[in-house]
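# A look at the structure
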Amino acid sequence: MASLSSSRKAESALKLGLAIAAGLCQPALMLWASPLAAQVADETGAAQDAAEAARQPAPVPLTLDDLIPEEAVANPEIWAVQGVADPASASDDSSPGLPLASPSLEPALAPDLDAAFADFAVSEPEPLPADPELEALAAIAAPTIEGLTELSETTIGSTLVLAMPSAQDAFPERDEFIERFKDLSSIRALDEGRDSAPQVAARARADEVLLGDILRTYGYYSGDVVRQLSGGRRARDDAERGEEASDVANEPSVRFDIMPGERYRFGLVDLGALPTLPEPDASRLIAAFGIQPGDPLYADRIVEREIELRVALGESGHPFASLEEPELLIDHARAIGDLALPVEPGGKYVFGDVVSADPDFLSG
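Being a predicted model, the structure only gives us computed values, none of them experimental. (Residues numbered from 1 in each chain as written. Predicted model: local features only at pLDDT ≥ 70, side-chain atom pairs only at ≥ 80, totals over all residues. Heavy atoms only, no water.)

Strand order in the open sheet formed by 4 strands is β1-β2-β4-β3, with mixed pairing between adjacent strands. Since the sheet does not close on itself, it has two edges, and those belong to β1 (151–156) and β3 (224–230), each with one partner. Each adjacent strand pair in this sheet contributes to an overall mean axis angle of 20°, direction not counted. Across 7 bridges, the pairing between β3 and strand β4 (residues 253–259) is antiparallel. Directly across from V225, in β4, lies its bridge partner I258. Packing against the sheet, helix α8 (residues 174–184) makes contact with β1, β2 (160–165) and β4, and its axis sits at approximately 155° to β2. (Pairing = 2+ DSSP bridges. Helix = DSSP H or I, 4+ residues; strand = E, 2+ residues; numbered from the N terminus. Axes fitted to C-alpha atoms, helices over the stretch in contact; angles between N-to-C directions. Contact = heavy atoms within 4.5 Å.)

Structure representation (structure tokens):
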């Protein structure tokens, strides 16, 4: 049996041998790894250079001769039929900066892609149910835009213009209307000149109301009056330039566009107790008033016929008949006006005996 000391010596010798071997192997490994690392670095650098070269764009031909090959010039028809010899190179020329997928991977990926998209299917969408409101809206016919009414201008003074329909049947009372407006216009009553300019705008509003009242007097209760003010612009421009404004530039002007519309007519004509008189007084007095349902509604005619009726009542033996104020009820839906003129004829008076002091002049 070996002693304890000899065992310890053998163990120490073994450790020393392992340490020497380890010390010798480390430089050997370093020496062996250096050429291998250099080789790997060279291969990596070559791959990077190749990739960089592949990413570089193909040189652009400097001349037309460099672009067109000789076989294309010799026989262009055959060259065109043959096409490009290498499609990959043509793709590289068309997009030199884009990486191309390897052709060897396409056949391998195709079955996987087909399997991936085999169950991917988009079902055809079902049509939406019909919407009655949308169908009714689509069935509405487009509105027909009628032509604008042609207007003709009438100059009244130097600052006032009236524009009315040119067609005579559209406004038969045109001339009479203009004369009445001239007599009542507040703008026309102004003196011409610079001093009247500040008052034009205020008086234009008053004349607009006046024109509407005259239209209704002639029975045009749905007519429109459009007021337009202009003038003074050149005067302001001259003042900005430091120049003296002219009188013509400083004078404002007013234009009224008048659209009469539909003329209303008389509807019901109520004369109170007048139709209850015995004949022929009732018929004669109604005819004296003269207004019948369906006649054009003319307000002035109501006043005229009221006076004629008063005279006819006195001549028919009703000198003490009473007439109230006429009332006109306008119905815009039917474009008519119902007239009420309450009449109370009273008793009928007749002549009695004639007593005269001069029978030769007036006998009984």
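In this section: the side chain of E306. Summarising the element assignment, E306 is placed in helix α13 (residues 299–315). Sequence-distant contacts of E306, defined by excluding residues within four places in its chain, comprise F289, L323, E324, P326 and L341.

This part takes up α8. Burial in α8 covers these residues: R174, F177, I178 and F181. In a view along the axis of α8, the buried residues occupy a sector of 95°, so they form one face of it. Seen from the open side of α8, the exposed residues pointing more than 90 degrees away from its buried face are D175 and D183. (Buried < 20%, exposed > 50% of the residue type's maximum accessible area, 1.4 Å probe, protein only. Arc of directions from axis to C-beta.)

Attention now moves to the packing of aromatic side chains. Throughout the structure, instances matching the rule amount to 6 aromatic pairs. Ring centres 5.2 Å apart and planes at 15° place the aromatic pair Y218 and Y298 in the stacked group. Of this pair, Y218 sits in the loop between α9 (197–217) and β3 while Y298 sits in the loop between α12 (281–289) and α13, and the two are 80 residues apart along the sequence. Across the pair, exposure class does not vary: Y218 and Y298 are buried alike. Members of the aromatic cluster, each reached through a chain of ring pairs, are F171, F177, Y218, Y220 and Y298. (Phe/Tyr/Trp six-rings, centres within 6.5 Å; stacked < 30°, edge-to-face > 60°.)

Before going further, it helps to spend a moment on α13. With 17 residues, α13 extends 25 Å from end C-alpha to end C-alpha; this agrees with the ideal 24 Å at 1.5 Å per step. Taken together, the buried positions of α13 are I302, E306, L309, A312 and L313. For α13, the arc enclosing every buried residue in end-on projection is 130°, short of the 170-degree limit, so these residues lie on one face. Residues I307 and E315 are exposed on α13 and point more than 90 degrees away from its buried face. The inward-facing, buried residues of α13 contact β5 (265–270), α12, β6 (322–323), β8 (336–340) and β9 (343–344). (Expected span 1.5 Å × (residues − 1).)

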